Amino acid sequence: MAETKREIERKYEATGGTAVPDLSRVPGVSAVVDRGVMELDAVYYDTPDLRLAADALTLRRRTGGDDEGWHLKFPVASGIRDEIRAPLADTLPGELAGLLRSRVRGDEVVPVVRLRSARDVRHLVDRSGTLLAELSVDTVRAERLPGGTEATWTEIEVELADGTDDTDEAGTALLDAIEKRLTKAGIHGSASASKLARALKETAPRAETTAPEPGATPKPGTAGHAVLVYVREQADAIVALDPAVRRDLPDAVHQLRVACRRLRSALRTYRKVLDRDVTDPVGAELKWLAGELGVARDQEVLTERLRGRVDGLPRTLRLGPVRGRLRTWSAARARGGRRRALAALDSARYLALLDTLDELLADPPLRKSAARDARTVLARAVLKDHDRLASRVDRALALDPGHDRDLALHAARKAAKRARYAAEAAQPTLGKPARKFAKRVKSVQSLLGEHQDGVVAREALRELGTQAHAAGESAFTWGLLHGREEVAAEAAEHDLPRVWARASAPEIRAALTR
């Protein structure tokens with residue numbers, strides 16, 4: 001079973017003769033304990049074209065030391081990485097392979113670098129003997145695989161003790177104080193973020209020293225360039241968020257779903273730039289993926305809403321085992337949603353979508369408008385989406401309250417989201433007017449989203465009430481909450497004309513075309 005460790009460290013340049021200063025005078029450090037020298041032997045794996053290294057991921061199989069095994073590291077921020085460890089085995093453990101799937105796809109990872117290090121370890125402890133940080137002086141010998149060039153160097157690492165997170169101000173202060181002492185001794189920060197990055201650079205054949213340029217893009221300033229930059233950002237986000245979903249990190253499903261929706265929206269909005277005969281099938285697959293992910297996300301949102309409604313009731317109005325029933329009902333649905341999301345990410349259909357996105361970016365299906373001025377083309381596309389939103393809002397407001405209006409308001413919500421995404425995609429080109437436009441449209445989307453969440457919540461409350469009644473429990477609380485959701489929906493519908501008037505103000509639209 002793999003385990004995750006947050007690694008917070010700083011690296012420094014050194015030579016074989018570098019003398020580490022006395023760090024027992026660092027505030028909070030009572031003693032520096034010599035732990036001796038250990039021999040480490042690590043083989044780093046990657047695809048032949050070094051896709052993992054390009055995204056600052058490292059995968060290694062290491063022997064020696066107290067943490068030998070397979071290690072996969074994901075960057076979190078500068079000097080901070082999540083290290084996922086699996087037991088030592090001859091082949092890559094399946095759990096780690098899954099986390100690499102969006103990048104590796106159908107290829108294999110192969111040995112690319114071997115690092116053998118002599119690690120001289122010192123523990124920095126407080127008065128009670130508690131470990132605060134570990135300092136190591138590493139003498140490294142790197143070998144390019146198979147049978148390539150070699151490089152040697154010495155570096156210093158300072159890593160906070162296990163259990164420290166990136167929000168720990170005391171830990172940051174300790175690293176700063178240690179760095180100050182090292183700097184005074186003439187020891188400065190490393191130019192490389194990791195040993196692997198340095199090894200790849202210093203052992204690279206001449207032909208590999210210059211990274212290839214990303215897929216072809218039109219001339220900067222054109223609509224094609226602006227749209228493809230945005231499309232690439234969203235496609236990269238999908239790949240990067242895949243392992244976060246598998247790790248069940250907070251908000252990961254939501255972020256991945258949003259990336260799918262943003263990308264699909266861009267392909268639909270900017271059909272004058274990218275040929276829809278090519279992009280429509282891609283959009284259909286993005287819709288499928290977002291739908292599979294949405295089961296888990298929608299349940300998460302619904303449960304949070306219902307829990308908040310229950311918690312907001314006085315105890316005298318919570319009749320029967322309300323919280324227990326909600327918890328059981330939600331857990332059963334959540335398990336099914338996560339299984340469905342992971343099944344989608346493990347499917348051949350998903351990998352085919354990722355490959356198709358790569359192909360689209362490598363050979364984009366550009367239309368005539370792609371060569372035109374970005375400001376003109378993008379502004380027209382954004383306004384067209386706004387017109388589409390206007391027609392849906394008008395239709396919804398013309399209907400009487402009830403089921404048909406609920407459906408029409410949901411359709412308007414989807415149009416609002418598309419118009420907002422269009423403006424956000426255009427923001428680097430259109431600047432402040434697009435940002436203001438997106439903000440106003442987002443307010444419409446949020447109001448309509450609140451209304452739709454209420455529609456879904458009422459359906460769930462009916463189901464919970466029915467279950468409670470069948471079990472011989474009081475259904476009073478569920479009926480009460482159902483009524484409150486109806487009142488909230490009426491309030492949202494009442495506010496819509498006012499919110500929409502601000503989002504459709506003539507000056508907001510006019511600013512986009514100036």
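The preceding data block contains the structure.
Residues numbered from 1 in each chain as written. Predicted model: local features only at pLDDT ≥ 70, side-chain atom pairs only at ≥ 80, totals over all residues. Heavy atoms only, no water.

Enquirer: Which residues make up the pairing of strand 1 (residues 3-14), and what are the values?
Expert: Sheet analysis places strand 1 next to strand 5 (residues 80-86), joined by six bridges and oriented antiparallel. Paired with Glu7 across the strands is Arg81, a residue of strand 5. Relative to strand 8 (residues 150-160), strand 1 runs antiparallel, the two sharing six bridges. Within strand 8, the residue paired with Glu13 across the bridge is Glu155. (Pairing = 2+ DSSP bridges. Helix = DSSP H or I, 4+ residues; strand = E, 2+ residues; numbered from the N terminus.)

Enquirer: Which residues make up the nonpolar core, and what values do they have?
Expert: By size, the foremost hydrophobic cluster in this structure holds 77 residues, and its most contacted members are Ile238, Tyr270 and Leu289. The element that contributes the greatest number of residues to this core is helix 6 (residues 223-246), accounting for twelve residues. Excluding its chain neighbours within four sequence positions, the residues that come into contact with Ile238 are Leu256, Ala259, Cys260, Leu263, Leu286, Tyr350, Leu354 and Leu357. (Core = buried A, V, L, I, M, F, W, Y, C linked by side-chain atoms within 4.5 Å. Buried < 20%, exposed > 50% of the residue type's maximum accessible area, 1.4 Å probe, protein only. Contact = heavy atoms within 4.5 Å.)

Enquirer: So what's going on with the sheet that holds strand 3 (residues 58-63)? Which residues, and what values?
Expert: Overall, antiparallel pairing links the eight strands, which are arranged 1-5-4-3-2-6-7-8 in a closed barrel. With direction set aside, neighbouring strand axes in the sheet form an average angle of 35 degrees. (Axes fitted to C-alpha atoms, helices over the stretch in contact; angles between N-to-C directions.)

Enquirer: Could you give an account of the pattern of salt bridges, with specific residues and numbers?
Expert: Following the criterion strictly, the structure yields 57 salt bridges and no others. A salt bridge links Glu292 to Arg340, with the shortest nitrogen-to-oxygen separation between them at 3.0 Å. Of the two residues, Glu292 sits in helix 8 (residues 276-311) while Arg340 sits in helix 9 (residues 322-345), which places them 48 residues apart along the sequence. A relative accessible area of 16% places Glu292 in the buried class. Put simply, Glu473 and Arg325 hold a salt bridge, and the shortest N to O gap is 2.8 Å. Pair noted here: Glu473 is in the loop between helix 13 (432-470) and helix 14 (476-503) and Arg325 is in helix 9, with a separation of 148 residues, a long-range link. (Salt bridge = Lys/Arg side-chain N within 4 Å of Asp/Glu carboxyl O.)

Enquirer: An account of the packing of aromatic side chains is needed here, citing residue identities and associated values.
Expert: Think of a pair of aromatic rings as described by two things: how far the centres are apart, and how the planes are tilted against each other in angle. For the structure shown, the criterion picks out one aromatic pair. Taken together, a centroid distance of 5.1 Å and an interplanar angle of 45 degrees make the contact between Tyr45 and Trp70 tilted. You can see Tyr45 sitting in strand 2 (residues 31-46) and its partner Trp70 sitting in strand 4 (residues 69-77), a full 25 residues away along the chain. Taking the relative accessible area as the measure of exposure, Tyr45 reaches 16% and is therefore buried. In this structure Trp70 comes out as buried when scored by relative accessible area, which is 1%. (Phe/Tyr/Trp six-rings, centres within 6.5 Å; stacked < 30°, edge-to-face > 60°.)

Enquirer: Quick rundown of the packing of helix 7 (residues 252-269) against helix 8? Include the residues and the values.
Expert: The N-to-C vectors of helix 7 and helix 8 enclose an angle of 155 degrees; their axes lie 9 Å apart at closest approach. Taken together, the axes of helix 7 and helix 8 are roughly antiparallel relative to one another. In this structure, helix 7 meets helix 8 at a crossing whose hand is left-handed. Contacts between helix 7 and helix 8 involve Val253, His254, Leu256, Arg257, Cys260, Arg261, Leu263, Arg264 and Leu267 from the first element and Thr279, Val282, Gly283, Leu286, Lys287, Leu289, Ala290, Leu293, Gly294, Arg297 and Asp298 from the second. Its residues assigned to classes, the contact of helix 7 with helix 8 comprises ten nonpolar, four polar and six charged. (Parallel < 35°, antiparallel > 145°, perpendicular 65-115°, else oblique. Left-handed = near helix turned anticlockwise from the far one by under 90°. Nonpolar A, V, L, I, M, F, W, Y, C, P; charged D, E, K, R; others polar.)

Enquirer: I'd love a proper account of the side chain of Thr477, names of residues and values included.
Expert: Relative to the helices and strands, Thr477 resides in helix 14. Taking relative accessible area as the criterion, Thr477 reaches 0% and is therefore assigned buried. One polar contact links the side chain of Thr477 to the main-chain amide nitrogen of Leu319, over a distance of 2.9 Å. With residues near it in sequence (within four places) discarded, Thr477 still touches Leu313, Leu317, Arg318, Leu319 and Val322. (Polar contact = N/O pair within 3.5 Å; in protein donor to acceptor, adjacent residues only side chain to side chain.)

Nothing here speaks to function; it is all geometry.
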